[in-house]
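# Residue-level structural notes
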Amino acid sequence: MKETIYITGASSITPLLPQKPSPYTYTAQDIPPCTYTETIRSACKEPDYKAYITDPAARRRMSRVVKMGLTAALQCLSGAGEMPGAIITATGLGCLSDTEKFLRTLIENKEELLNPTPFIQSTFNTVGSQIAISTKNMAYNNTYVHRGVSFESALLDGMMMLAGGEAESVLVGSYEELTATSFDIQSRLGFFRKGGKAGEGAQFFLLSAKEKSPCILRDLAFAFQPTPDELLEKAADFLLKNKVQKADIEMLISGDGGNEEEFTFYDKIEKNFPETQVVKYKHLTGDYQTVSSFALWLGTQIMGKADSPKKILIYNHFRNINHTFILLESRFDK
Amino acid sequence: MHFINELKTHIIEELNLEELTPDEMDIDLPLFGDEGLGLDSIDVLELILILEKYYGLKISTPKEGKQIFRSVRTIADYIAANQQQ
């Protein structure tokens, strides 16, 4: 992409990580070291939603994940001068608790006497629409539901809009909630038997082609079910395309969360960058379809000071299927 | 009416009026409009479901609903009158 895209705002509602004022206050040392044996699920530390969603009439219909997503978006927009030219959201499973409530009532009441609210709020684009209603923003509004590449698809859409001059700034974010039912189903399917951890979270970003910030979103790449060797090839092509040498990557944010069944690819990539500092985060957040948005948030927080890494590579894959790379660059790297 | 507290509880739970308790809910307060609880058209559907689900009563005409759903008292009156029939 020819246009330089800056990340001018970032917010996160996430489990466990010590809260620090955003932006650009984290260092790699702030991330507690990876210990794989902690509990196998992570629930978000939630803010007081009343402070952000002040209208009780609006708040009362919102499920937990809707409040989480909307609040993260409002936090991200709080310092923004102008209204974004697009609202692009991403989710793997959407508003689960409302979906579960609707389906449960459907069965219990034999398809009769169904409450309208959980049905209305169970759609994937609920958060995107609530952001539009709450900020009175009638611009382009889209939601991506593409399993393990939902967030990256939203990010790509936002980057293309900026590169094509369709907007000067775009709001891109993701949200995911972990409910007791989804945790039980995932456990039964065996997703956590080899060290994986369930999680949830909401992250939002304001991307701008006009306003500058210390953090540049350089590029992203996808790979679908590659072999380990194909993945390395993909990584090499990605760096080449962006005129970056392996040695230039000062930090690798790796999605390895201690799941033995997913380790091969992370190991391959980490060994491919032997000189690079590796930071891991899934022991804090757990794993979910849009968790790479947390890695991006972490990257934006770490980057931006004079002594920060100049280039950060984010690598993640979701259950060995969808693999993604995101390249961040410091504006001071000139 | 002995069931008024139970009715208030159903309304609070089904409409997610989380900041209200049954004791705080004035039975004569209008349910709709700025001077009342500020409920809307989706809430009407929820109220219709409460009548059907918990009291076995069906509202047949929309005109009827306007009178019934004016306040908690009017809903309770409707339940009392129709359940006795």
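In what follows, the structure referred to is the one given above.
Report on the accompanying structure.

### Concerning the overall build of chain A
A count of helical and extended segments in chain A gives 11 helices and 10 strands. The globule rule puts the C-alpha radius of gyration for 334 residues at 20 Å, and the 19 Å found for chain A is close to it. Going through the 334 residues of chain A one by one, you find that 57% of them count as buried. Carbon and sulfur atoms form 54% of the exposed surface of chain A, whose accessible area is close to 14,200 Å². Between the averaged position of the 36 positive side-chain charges in chain A and that of its 39 negative side-chain charges there is a distance of 3 Å.

### Overview of the nonpolar core
Residues and elements named next belong to chain A. Counting 42 residues, the largest nonpolar core has Leu-155, Leu-207, Leu-217, Leu-296, Leu-298 and Leu-328 as its most contacted members. Residues from two domains meet in this core; each of domain 1 (6–208) and domain 2 (217–330) gives at least three. With sequence-adjacent residues up to four places away left out, Leu-207 is seen in contact with Ile-5, Tyr-6, Ile-7, Leu-155, Met-159, Leu-162, Glu-168, Ser-169, Val-170, Val-172 and Leu-217.

### Regarding the packing of helix α8 (residues 228–241) of chain A against helix α9 (residues 263–272) of chain A
All names here are of chain A. Axis separation between α8 and α9 bottoms out at 10 Å; the angle between their running directions is 40 degrees. The angle between α8 and α9 falls in the class oblique. Both α8 and α9 take part in a crossing whose hand is right-handed. In this structure, α8 uses Pro-228, Asp-229, Leu-231, Leu-232 and Ala-235 to contact α9, whose residues at the interface are Thr-264, Phe-265, Lys-268, Ile-269 and Asn-272. By residue class, the composition of the contact of α8 with α9 is six nonpolar, two polar and two charged.

### As for the pairing of strand β7 (residues 251–254) of chain A
A regular strand places its side chains so that they alternate between the two faces of the sheet. All names here are of chain A. Here β7 shows no split at all, with Met-251 and Ile-253 on one side and Leu-252 and Ser-254 on the other all buried. With respect to chirality, the unit in which β7 leads through α9 into the neighbouring parallel strand β8 (residues 277–280) is right-handed. Of the strand pairs in this sheet, β7 and strand β9 (residues 311–318) are connected by four bridges, and their pairing is parallel. Across the sheet, Ser-254 pairs through a bridge with Tyr-315, a residue of β9.

### Structural notes on the packing of aromatic side chains
Working definition: an aromatic ring pair is given by the centre-to-centre distance plus the angle between the planes. All names here are of chain A. Applying the stated criterion across every chain yields a total of nine aromatic pairs over all chains. Between Tyr-281 and Phe-294 the ring centres are 5.7 Å apart and the planes differ by 35 degrees, which places this aromatic pair in the tilted class. One end of the pair, Tyr-281, is in the loop between β8 and α10 (282–285); the other, Phe-294, is in helix α11 (residues 292–302), and 13 residues separate them in sequence. The ring of Phe-183 carries the charged tip of Arg-41 above its face, separated from the ring centre by 4.4 Å. The ring of Phe-191 carries Arg-319 above its face, with NZ or CZ at 3.6 Å from the centroid.

### Let's talk about α8 of chain A
All names here are of chain A. Taking 1.5 Å of rise per residue, the 14 residues of α8 would be expected to cover 20 Å, and the 20 Å separating its terminal C-alpha atoms lies within 8% of that figure. Considered for burial, the residues of α8 that qualify are Leu-231, Ala-235, Phe-238 and Leu-239. Down the axis, α8 shows its buried residues gathered within 95 degrees of arc, on one side only. Among the exposed residues of α8, those oriented more than 90 degrees off its buried face are Asp-229, Glu-233, Leu-240 and Lys-241. Contacts from the buried residues of α8 go to β6 (215–224), α9, β9 and β10 (322–330). Taken from the residues just after α8, Lys-243 is the one with a positive phi, measuring 55 degrees.

Calculation notes
- Residues numbered from 1 in each chain as written.
- Chains lettered and ligands numbered in written order.
- Predicted model: local features only at pLDDT ≥ 70, side-chain atom pairs only at ≥ 80, totals over all residues.
- Heavy atoms only, no water.
- Helix = DSSP H or I, 4+ residues; strand = E, 2+ residues; numbered from the N terminus.
- Rg over C-alpha atoms; globule rule 2.2 N^0.38 Å.
- Buried < 20%, exposed > 50% of the residue type's maximum accessible area, 1.4 Å probe, protein only.
- Areas by Shrake-Rupley, 256 points an atom, 1.4 Å probe, with all protein chains shown as cover.
- Lys, Arg positive; Asp, Glu negative; His and termini not counted.
- Charge placed at Lys NZ, Arg CZ, Asp CG, Glu CD.
- Core = buried A, V, L, I, M, F, W, Y, C linked by side-chain atoms within 4.5 Å.
- Domains from an automatic or database assignment.
- Contact = heavy atoms within 4.5 Å.
- Axes fitted to C-alpha atoms, helices over the stretch in contact; angles between N-to-C directions.
- Parallel < 35°, antiparallel > 145°, perpendicular 65-115°, else oblique.
- Left-handed = near helix turned anticlockwise from the far one by under 90°.
- Nonpolar A, V, L, I, M, F, W, Y, C, P; charged D, E, K, R; others polar.
- Right-handed = clockwise from strand over helix to strand, strands pointing away.
- Pairing = 2+ DSSP bridges.
- Phe/Tyr/Trp six-rings, centres within 6.5 Å; stacked < 30°, edge-to-face > 60°.
- Lys NZ or Arg CZ within 6 Å of the ring centre and 35° of its normal.
- Expected span 1.5 Å × (residues − 1).
- Arc of directions from axis to C-beta.

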